[in-house]
Amino acid sequence: MIDFHVHSTFSDGEKDVRTIIDLAVQRGITDLAITDHFDPFDEALSNRDKGLEALLEHFGEIREYSEWKNKTSRIRVLCGIETCTGMDGRLRLPEGCREACDIIITSPHYVEGGYPFEKGEYNLDIYWEHYKEKLLAMASGEGDVLGHPMGYLPIKPMLGENTTFLSRQEICRSICRRYFDRAFVEELGERLYRSGKACELHGATGTPEEWIVQSLHEQGVSFSIGSDAHAMDLLGKNERAEALAEKMGLKIWNGKRK
């Protein structure tokens, strides 16, 4: 069982790395990646001021504990980050960060620029066209995995009042259906295939939609399985991804860089 997208208390996760690894073993996860947020450009992050030294210390704890755990259990634990690139798809990280990571997930958490947002209005064409431009650049760009491209869309600046997790996901689904047509998905797939970057099958939101997965698969794109667990009830909850992988014969990324 694979889960290549999990958060700890180093960023905004619920549990520390030792608890996560222990729970992963209990749940039968054999391949785990702890991929905390690490992005000095993301003003929404509480840990945005943490630098490379803190990250290396965090990785050291993960590696030390996973090696000890392997004396009694079999689990491979990767050290990584989830970050957002610039509009050009390039990473903006401290020197030495890339080399320290086993996995880098690039997720489109925000879109640069000023936009005429109105609360509760989600169909802002110029914003979503720029989002699509950024996704295409990220698909061609640096990193190992394109994280949740059709889930957890950056809708926070336009959110109305009293939304719930479920209502926000429905908003994201309606945006995807409006803006992500087949031509765009095919361009995304072409870029992912050329770069060798995997597309994430996102456990928390059940995205991308099945027709998109099928389209990307037909173009030779590989997929990474990740729950995006912050709370531990989501750890390893990737049943949809596993079912799609079996049904379609998807190429699943094994966590090893080319």
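Look up a bit, the structure's there.
First, a word on what this report is: a plain description of the structure on this page. Quantities reported herein were computed from a predicted structural model and do not represent experimental measurements. (Residues numbered from 1 in each chain as written. Predicted model: local features only at pLDDT ≥ 70, side-chain atom pairs only at ≥ 80, totals over all residues. Heavy atoms only, no water.)

Some points on the overall build of the protein
Right, so step 1: When you go through the protein residue by residue, the secondary structure sums to eight helices and seven strands.
Right, so step 2: Whereas a compact globule of 258 residues would reach a radius of gyration of roughly 18 Å, the protein reaches 18 Å, a difference of no more than 12%.
Right, so step 3: C-alpha atoms of the protein, sized along the principal axes, occupy 55 × 40 × 35 Å.
Right, so step 4: Counting the 258 residues in the protein, one finds 52% classified as buried. (Helix = DSSP H or I, 4+ residues; strand = E, 2+ residues; numbered from the N terminus. Rg over C-alpha atoms; globule rule 2.2 N^0.38 Å. Buried < 20%, exposed > 50% of the residue type's maximum accessible area, 1.4 Å probe, protein only.)

As for the side chain of lysine 132
Right, so step 1: For lysine 132, the position within the fold is in helix H4 (residues 125–140).
Right, so step 2: Not counting residues up to four positions away in its chain, the partners in contact with lysine 132 are Tyr179, Phe180 and Phe184. (Contact = heavy atoms within 4.5 Å.)

Considering empty space enclosed by the protein
Right, so step 1: Tallied over the full model, the rule gives one cavity of 30 Å³ or more.
Right, so step 2: Quantified by volume, the largest cavity comes out at close to 70 Å³.
Right, so step 3: Lining the largest cavity we find Met150, Gly151, Gln169, Cys172, Arg173, Cys176, Thr205, Thr207, Glu209 and Ile212.
Right, so step 4: When its residues are assigned to classes, the lining of the largest cavity shows four nonpolar, four polar and two charged. (1 Å grid on protein atoms, 1.4 Å probe; cavity = no way out; pocket = protein on both sides within 12 Å on 5 of 7 lines; lining within 4 Å. Points joined across faces, edges and corners; volume = space filled by probe spheres on them. Nonpolar A, V, L, I, M, F, W, Y, C, P; charged D, E, K, R; others polar.)

A look at the side chain of serine 11
Right, so step 1: Mapping serine 11 onto the fold places it in the loop between strand S1 (2–6) and helix H1 (17–26).
Right, so step 2: A polar contact of 2.5 Å, which involves the side chain of serine 11, links it to the side chain of aspartate 36.
Right, so step 3: If near-sequence neighbours (up to four positions away) are discounted, serine 11 is found in contact with Asp36, His37, Ser46 and Asn47. (Polar contact = N/O pair within 3.5 Å; in protein donor to acceptor, adjacent residues only side chain to side chain.)

Some words on the sheet that holds strand S2 (residues 31–37)
Strand pairing in a sheet takes place through backbone hydrogen bonds and is either antiparallel or parallel in direction.
Right, so step 1: Spatially, the seven strands line up as an open sheet ordered S1-S2-S3-S4-S5-S6-S7, and their pairing is parallel. Where the open sheet ends on each side, the last strands, each with one partner, are S1 and strand S7 (223–226).
Right, so step 2: Taken together, the two bridges between strand S4 (residues 103–106) and strand S5 (residues 145–146) define a ladder with parallel strand orientation. Bridged to threonine 106 within S5 is leucine 146.
Right, so step 3: Of the strands in this sheet, S2 and strand S3 (76–83) touch helix H2 (residues 52–69), which is tilted by about 160 degrees from S3. (Pairing = 2+ DSSP bridges. Axes fitted to C-alpha atoms, helices over the stretch in contact; angles between N-to-C directions.)

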